Amino acid sequence: MKKTIVFLLFSFITSLSFSQTSWELKKDVEGIQVYTREINGSSINEFRAVAVYQTTMNELVRVITDAQNLKRWNYKTIKSKLLKKTSNNKFIVYMYNDFGWLVKDRDHVSEITVVPVNETTIKITINPLPKYLPEVANAIRIKEFSGFWLLEKQANGIRVTQQMHGEPRGYVPTILVNATLAKAPLYTFKQLKKVLKTSSKH
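Small disclaimer: the values here were computed from a predicted structure and weren't measured. (Residues numbered from 1 in each chain as written. Predicted model: local features only at pLDDT ≥ 70, side-chain atom pairs only at ≥ 80, totals over all residues. Heavy atoms only, no water.)

S.K.: So what exactly am I meant to see when it comes to the overall build of the chain here?
M.R.: Looking only at helices and strands, the chain has four helices and ten strands in total. Taken from N to C terminus, the helices and strands of the chain fall in the order α-β-β-β-α-β-β-β-β-β-β-β-α-α. Within the chain, the fraction of its 202 residues that count as buried is 41%. Counted over contacts in the chain with a minimum sequence separation of 6, partners at least 24 positions apart contribute 50%. When the accessible surface of the chain is totalled, it reaches about 12,000 Å², and 57% of it is carbon and sulfur. (Helix = DSSP H or I, 4+ residues; strand = E, 2+ residues; numbered from the N terminus. Buried < 20%, exposed > 50% of the residue type's maximum accessible area, 1.4 Å probe, protein only. Contact = heavy atoms within 4.5 Å. Areas by Shrake-Rupley, 256 points an atom, 1.4 Å probe, with all protein chains shown as cover.)

See the structure below:
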């Protein structure tokens, strides 16, 4: 009887973990594809953005982990800084997002970890550290989010994937968030391309 209960519980948990819907292509602009999907237990969709860049793996890692300059290319980010470098591959980063007068500003603290997967692939994970800094009065601290960058060396360049899901907290219409979700990564990937082009000239 106990074995049956354990099996049923495991089956239920497994079904929940794979209950996301299929990815749906929302944007395909200038070689950048942005997909979204519904995710179990959240009213906010998850996004995935993909593009191929003509650069090096080292340069991509450098730019993505350069906390001081994330504000140059991340969507709606007006402040960014490195709070602490805990090791050669771990960084604690602060970012502040200004969404204009309709939506209250958000900020978040995250730990960025660079993980070599194999000789041609690097994964950069992003996890929240909401209590690392005191919350500020003029912004809502985003506490629930997770995501990663995946960098894959291919014959035609470096295939870059960003996948993220988060809960914005506060009052933000869910329909509005999901309707405009693809806009953020599309902007970010376009700006990232510009930053990479500029850095390659130096």
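S.K.: Before we go on, may I ask you to explain the pairing of strand β1 (residues 24–29) in this structure?
M.R.: For a regular strand, side chains alternate in direction, first toward one face of the sheet and then toward the other. Bridge analysis of β1 against strand β2 (residues 32–37) gives five bridges, and the strand direction is antiparallel. By the bridge assignment for β2, Asp 28 is matched with Gln 33. Connecting β1 to the antiparallel partner β2 that follows it, the hairpin turn spans two residues, and Glu 30 within it adopts a positive phi of roughly 50°. (Pairing = 2+ DSSP bridges.)

S.K.: Got a minute to help me understand the pattern of salt bridges in this structure?
M.R.: Any two side chains of opposite charge can pair if their charged atoms end up close together. Tallied over the full model, the rule gives seven salt bridges. For the salt bridge of Glu 24 with Lys 26, the shortest nitrogen-to-oxygen distance reads 3.5 Å. Between Lys 190 and Glu 30 there is a salt bridge, with its nearest N and O atoms 3.9 Å apart. A residue pair is termed long-range when its members are at least 10 positions apart, and Lys 190 in helix α4 (residues 183–200) and Glu 30 in the loop between β1 and β2 qualify at 160 residues. (Salt bridge = Lys/Arg side-chain N within 4 Å of Asp/Glu carboxyl O.)

S.K.: Looking at this structure, I do not really get the layout of surface pockets. What am I missing?
M.R.: Taken as a whole, the largest pocket encloses approximately 1,200 Å³ of empty space. For the lining of the largest pocket, the secondary structure elements donating two or more residues are β5 (90–97), β6 (106–118), β9 (144–154), β10 (157–167), α3 (174–179) and α4. In terms of residue count, the dominant contributor to the lining of the largest pocket is β10 (five residues). Of the pockets and cavities examined, the second largest pocket occupies roughly 190 Å³. Sorting the residues of the lining of the second largest pocket by element identifies β1, β2 and α3 as the ones contributing at least two each. (1 Å grid on protein atoms, 1.4 Å probe; cavity = no way out; pocket = protein on both sides within 12 Å on 5 of 7 lines; lining within 4 Å. Points joined across faces, edges and corners; volume = space filled by probe spheres on them.)

S.K.: I would appreciate a short explanation of the nonpolar core in the present structure.
M.R.: Note that soluble globular proteins tend to have their nonpolar side chains buried in a common cluster. Ranked by internal contacts, the top residues of the largest apolar core, which has 36 residues, are Trp 73, Ile 124, Trp 149, Leu 151, Val 160, Phe 189 and Leu 192. The contacts of Leu 192, once residues within four sequence positions are left out, are Tyr 53, Leu 60, Val 63, Trp 73 and Trp 149. Ranked by size, the runner-up nonpolar core spans five residues in total, among them Tyr 94, Tyr 96, Val 109 and Ala 139. (Core = buried A, V, L, I, M, F, W, Y, C linked by side-chain atoms within 4.5 Å.)

S.K.: Looking at this structure, I do not really get the side chain of Glu 46. What am I missing?
M.R.: Tracing the backbone through its elements, the reader meets Glu 46 in strand β3 (residues 46–53). In this structure Glu 46 comes out as buried when scored by relative accessible area, which is 9%. Within the structure, the side chain of Glu 46 is placed 2.9 Å from the side chain of Arg 37, a separation counted as a polar contact. Within the structure, Glu 46 has its side chain in polar contact with the side chain of Gln 163 (distance 3.1 Å). Not counting residues up to four positions away in its chain, the partners in contact with Glu 46 are Trp 23, Tyr 35, Thr 36, Arg 37, Ile 39, Gln 163, Met 164, His 165 and Leu 181. (Polar contact = N/O pair within 3.5 Å; in protein donor to acceptor, adjacent residues only side chain to side chain.)

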